[in-house]
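So you can see what is in the structure, the chains are spelled out below.
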Amino acid sequence: MDPEAVAKAFVEHYYRTFDSNRASLGGLYQDASMLTFEGDKIQGAAAIVSKLTSLPFQQCAHAISTVDCQPSGPAGGMLVFVSGSLQLAGEQHALKFSQMFQLMPTPQGSFYVLNDIFRLNYA
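Residues numbered from 1 in each chain as written. Predicted model: local features only at pLDDT ≥ 70, side-chain atom pairs only at ≥ 80, totals over all residues. Heavy atoms only, no water.

Per an unreviewed UniProt entry, the protein chain carries the name NTF2 domain-containing protein and comes from Canna indica. In UniProt, the protein chain has this text filed under Function (unreviewed entry): "Has a role in nuclear-cytoplasmic transport of proteins and mRNAs." (UniProt positions renumbered as here; feature names shortened; annotations may be inferred.)

S.K.: Any chance you could explain the layout of surface pockets here in plain terms?
M.R.: In this structure, the largest pocket occupies an estimated 170 Å³ of space. Along the wall of the largest pocket there are 16 residues; nearest its centre are Phe37, Leu55, Phe57, Leu86 and Phe118. Of all elements in the fold, only α1 (3-21), β1 (29-37), β4 (77-88), β5 (95-105) and β6 (111-120) reach the threshold of two or more residues within the lining of the largest pocket. In the lining of the largest pocket, the residues fall into 13 nonpolar, two polar and one charged. (1 Å grid on protein atoms, 1.4 Å probe; cavity = no way out; pocket = protein on both sides within 12 Å on 5 of 7 lines; lining within 4 Å. Points joined across faces, edges and corners; volume = space filled by probe spheres on them. Helix = DSSP H or I, 4+ residues; strand = E, 2+ residues; numbered from the N terminus. Nonpolar A, V, L, I, M, F, W, Y, C, P; charged D, E, K, R; others polar.)

S.K.: Looking at this structure, how should I read the UniProt feature "domain: NTF2" (unreviewed entry) in the protein chain?
M.R.: As annotated in UniProt, the feature "domain: NTF2" (unreviewed entry) corresponds to residues 6-120 in the numbering used here. The straight-line gap between the two end C-alpha atoms of residues 6-120 is 25 Å; of that span, 22% is helix and 51% is strand.

S.K.: Just to check I follow, could you spell out the nonpolar core for this structure?
M.R.: As a rule of thumb, soluble globular proteins bury nonpolar side chains together. In this structure, Tyr14, Tyr29, Leu52, Val80 and Phe101 are the most contacted members of the largest nonpolar core, which totals 32 residues. Looking at this core, the elements that each hand over two or more residues are α1, β1, α2 (45-53), β3 (60-72), β4, β5 and β6. With seven residues, the single largest contributor to this core is α1. (Core = buried A, V, L, I, M, F, W, Y, C linked by side-chain atoms within 4.5 Å. Buried < 20%, exposed > 50% of the residue type's maximum accessible area, 1.4 Å probe, protein only.)

S.K.: I'm lost on the confidence of the model for the protein chain in this one. Help?
M.R.: As a general rule, the predicted coordinates of low-pLDDT regions are not to be interpreted in detail. Per-residue pLDDT for the protein chain has a mean of 94; in total, 98% of the residues score no lower than 70. When the elements of the protein chain are averaged for pLDDT, α1 gives the smallest value, 95, and strand β2 (residues 40-43) the largest, 98. (pLDDT = per-residue confidence, 0-100.)

S.K.: So what exactly am I meant to see when it comes to the side chain of Ser72 here?
M.R.: Within the element layout of this structure, Ser72 appears in strand β3. Residue Ser72 is classed as buried on the basis of its relative accessible area, which comes to 15%. There is a polar contact of 3.1 Å between the side chain of Ser72 and the side chain of Gln102. When neighbours within four sequence positions are excluded, Ser72 is seen to be in contact with Gly77, Met78, Leu79 and Gln102. (Polar contact = N/O pair within 3.5 Å; in protein donor to acceptor, adjacent residues only side chain to side chain. Contact = heavy atoms within 4.5 Å.)

Here is the structure:
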């Protein structure tokens, strides 16, 4: 399994799903998963989906600039670091963001998000 290919496929799936139906992201998280969103820490798949679906916008479009990945630990996990821009419906200017995911393998051969950190980049 090529880590770069896994990271690229994950990033495409995550942001396509986020932009079209955030509630469907729940399957990527587990009870031990943690999201830090602009400093706010949320744990567990249901709480994470609740946070993401309660964000104060309905439509957005992510444009990914970079995806970097590294193997993480002996269990076969990986770190994925993403930078890009986020265009909110009705807004003139896109917002720059960075997001880091720690993906962990499942017994079924796929991955889930153990850790997720999101920050807007203000310049």
